[in-house]
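# Architecture and fold: a report
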Amino acid sequence: QVQLVESGGGLVQPGGSLRLSCAATPTVFSMYGMGWYRQAPGKQREWVARISSTGNTNYADSVKGRFTIARDNTKNTVYLQMNSLNPEDTAVYLCNADSPLESLPDYWGRGIQVTVSS
């Protein structure tokens, strides 16, 4: 059974930092691109960042320069380092495994809350 388990969320003050982690089932992690999405209350789910299986990264304009995505293939884990957080970053953050083939499904974690507030 494929699992994506997020950790590292919580409450942080504006300007602060958090690091999210997503531990994935090894068979998925080795093949899939990994990414992060977020969903704030009353808003649509928003793509945040992605890292390919070979390490290429992409970011949404809203987080570029503040967030960094990385993967540790020895731990089957993808990270999202979030710096200079502001209240607009408050959302549930979801880990995504992006299928390399149309015949294979995408996978999602359950999500983890990040709240930026003073």
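In case you missed it, the structure is sitting above this.
The present account deals with the structure reproduced in this document. None of the values given here were measured: they were computed from a predicted structure.

With that settled, consider the sheet that holds strand β1 (residues 4-7). The four strands lie next to each other as β1-β3-β8-β7, forming an open sheet whose pairing is antiparallel. Edge positions in the sheet fall to β1 and β7 (67-72), since each has one partner strand and no second. Within the sheet, the average angular offset between the axes of one strand and its neighbour, ignoring direction, is 15°. Of the strand pairs in this sheet, strand β3 (residues 18-24) and strand β8 (residues 77-82) are connected by six bridges, and their pairing is antiparallel. Looking at the pairing, Arg19 lines up with Gln81 of β8.

This part covers the pairing of strand β9 (residues 91-98). Counting buried positions over the eight residues of β9 gives six, a clear majority of the element. Where strand β4 (residues 33-39) and β9 come together, seven bridges link them in antiparallel fashion. Bridge pairing links Trp36 to Cys95 in β9. Where β9 meets strand β11 (residues 112-116), three bridges bridge the pair, whose relative direction is antiparallel. Note on β11: the bridge partner recorded for Tyr93 is Ile112.

Now for unusual backbone geometry. Backbone geometry places Asn76, a non-glycine residue, at a positive phi of 55°. Looking at Asn76, the relative accessible area reads 18%, which means it is buried. Here the phi dihedral of Ser84 falls at roughly 50°; this positive angle occurs in a residue that is not glycine. Using a relative accessible area of 41% as the deciding quantity, one classes Ser84 as partly exposed.

Definitions and cut-offs
- Residues numbered from 1 in each chain as written.
- Predicted model: local features only at pLDDT ≥ 70, side-chain atom pairs only at ≥ 80, totals over all residues.
- Heavy atoms only, no water.
- Pairing = 2+ DSSP bridges.
- Helix = DSSP H or I, 4+ residues; strand = E, 2+ residues; numbered from the N terminus.
- Axes fitted to C-alpha atoms, helices over the stretch in contact; angles between N-to-C directions.
- Buried < 20%, exposed > 50% of the residue type's maximum accessible area, 1.4 Å probe, protein only.

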